[in-house]
Amino acid sequence: MPSSHEFLDHPGPIPFAHRGGAKGFPENSMPAFQRAVSLGYRYLETDVHATADGVLVAFHDRTLDRVTDRSGPIARLPYAQVERARIDGTEPIPRLEDILGSWPDARINIDIKDEPAITPLVETLHRTMSWHLVCITSFSTRRLVQLRARLPLFTDEDVCMSLGPRGVMALRARSYGGPVSKLVRLAATGIACAQVPHGLGPVPFVTATFVEQAHVLGLKVHVWTVNKPAEMERLLDLGVDGIFTDDLVALRDALAARGLWHSASPSKS
């Protein structure tokens, strides 16, 4: 279905480099993003947190412990400490602004991981005039509502946003024959896509009826995080509109085999 959001202007299913394409590279690191771009990926996915002094960084976890050589919650640490951490002991944590500036032709899917990141995210996108280059999602409906309330009025219709968790579950209920609830109708207003897991354990989350109902509501379906070629094929057969993956080569090959790979190589500034 056609969309007014520039972010979604892509021929065929969108290949997303999840955390930059974490297979074989430090996740959410500049080398991971650069490799994705070098492979022809135009869409990069990342997460954002804010440091104690309001610097927005591209990082998944609330704490540094799992993937860096330092520890502690990002929201309680000044950027001067966070910038000294090294992902996998080798790579610094990038700021979102570093990613936006390094690949200005790329499009960035941004997952808001904590409330303190909302205001710095709005400020960063306003300062860099990058509203049309991003899609914003979160595992918190509340965070998405708060962010939408802070959007500059002149950008509101241009910002691509995903359904929150309550909207996703209402959409799933609809795919099993439930009513088109007020929640789904409201959530779909001004929302461009549903970004959802491919399964819940061994049970598929995305089904033919789920995709069909999303499309009836005018929503694109983007599925995460798909690393097995057989699951990529199943989802492409269902007509999904985008796939997030850590295995960039496998997804590129699956799309290319169907004539759906559209390479783009934004230049690094």
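As shown above, the structure is provided for reference.
Residues numbered from 1 in each chain as written. Predicted model: local features only at pLDDT ≥ 70, side-chain atom pairs only at ≥ 80, totals over all residues. Heavy atoms only, no water.

**Observations concerning the overall build of the protein**
Helices and strands together make up the secondary structure of the protein, namely 10 helices and 13 strands. A compact globule built from 269 residues should have a C-alpha radius of gyration of about 18 Å, and the protein, at 18 Å, falls within 12% of that. On the principal axes, the C-alpha backbone points of the protein span a range of 50 × 40 × 35 Å. Sorting the 269 residues of the protein into buried and exposed places 54% on the buried side. In the protein, of all internal contacts separated by at least 6 residues, the share reaching a separation of at least 24 is 66%. Total accessible area computed for the protein in this model is approximately 11,600 Å², and 54% of it derives from carbon and sulfur atoms. (Helix = DSSP H or I, 4+ residues; strand = E, 2+ residues; numbered from the N terminus. Rg over C-alpha atoms; globule rule 2.2 N^0.38 Å. Buried < 20%, exposed > 50% of the residue type's maximum accessible area, 1.4 Å probe, protein only. Contact = heavy atoms within 4.5 Å. Areas by Shrake-Rupley, 256 points an atom, 1.4 Å probe, with all protein chains shown as cover.)

**Some remarks on the packing of helix α9 (residues 229-238) against helix α10 (residues 248-257)**
A pair of packed helices is captured by two measures, namely the crossing angle of their axes and the spacing between those axes. Between α9 and α10, the shortest axis-to-axis distance is 10 Å and the interhelical angle comes to 40°. The pairing of α9 with α10 is recorded here as oblique in orientation. For α9 against α10, the interelement crossing comes out right-handed. Taken together, the residues of α10 that come into contact with α9 (itself represented by P229, M232, E233 and L236) are A250, L251, A254 and L255. Residues that form the contact of α9 with α10 fall into these classes: seven nonpolar, no polar and one charged. (Axes fitted to C-alpha atoms, helices over the stretch in contact; angles between N-to-C directions. Parallel < 35°, antiparallel > 145°, perpendicular 65-115°, else oblique. Left-handed = near helix turned anticlockwise from the far one by under 90°. Nonpolar A, V, L, I, M, F, W, Y, C, P; charged D, E, K, R; others polar.)

**Things to note about the packing of aromatic side chains**
Applying the stated criterion to the full structure yields eight aromatic pairs. With a centroid separation of 5.5 Å and an interplanar angle of 65°, the aromatic rings of F205 and F210 are classed as edge-to-face. Take F205: its relative accessible area is 2%, and that puts it in the buried class. Relative accessible area serves as the criterion here: at 0%, F210 is assigned to the buried category. (Phe/Tyr/Trp six-rings, centres within 6.5 Å; stacked < 30°, edge-to-face > 60°.)

**Some words on α10**
What α10 keeps buried is the set L248, A250, L251, A254 and L255. End-on, the buried residues of α10 take up no more than an arc of 165°, which puts them together on one face. In the stretch just after α10, G259 is the one whose phi turns positive, near 70°. (Arc of directions from axis to C-beta.)

**Things to note about the nonpolar core**
Core analysis: the largest hydrophobic core is formed by 58 residues, its most contacted members being L44, I108, L121, I136, L147, V196 and V206. In contact with L147, not counting residues within four places along its chain, are I112, I118, L121, V122, I136 and M161. One finds V57, F59, Y79 and I87 within the second-largest nonpolar core, a separate group that totals 11 residues. (Core = buried A, V, L, I, M, F, W, Y, C linked by side-chain atoms within 4.5 Å.)

Read these as spatial facts, not as claims about activity.
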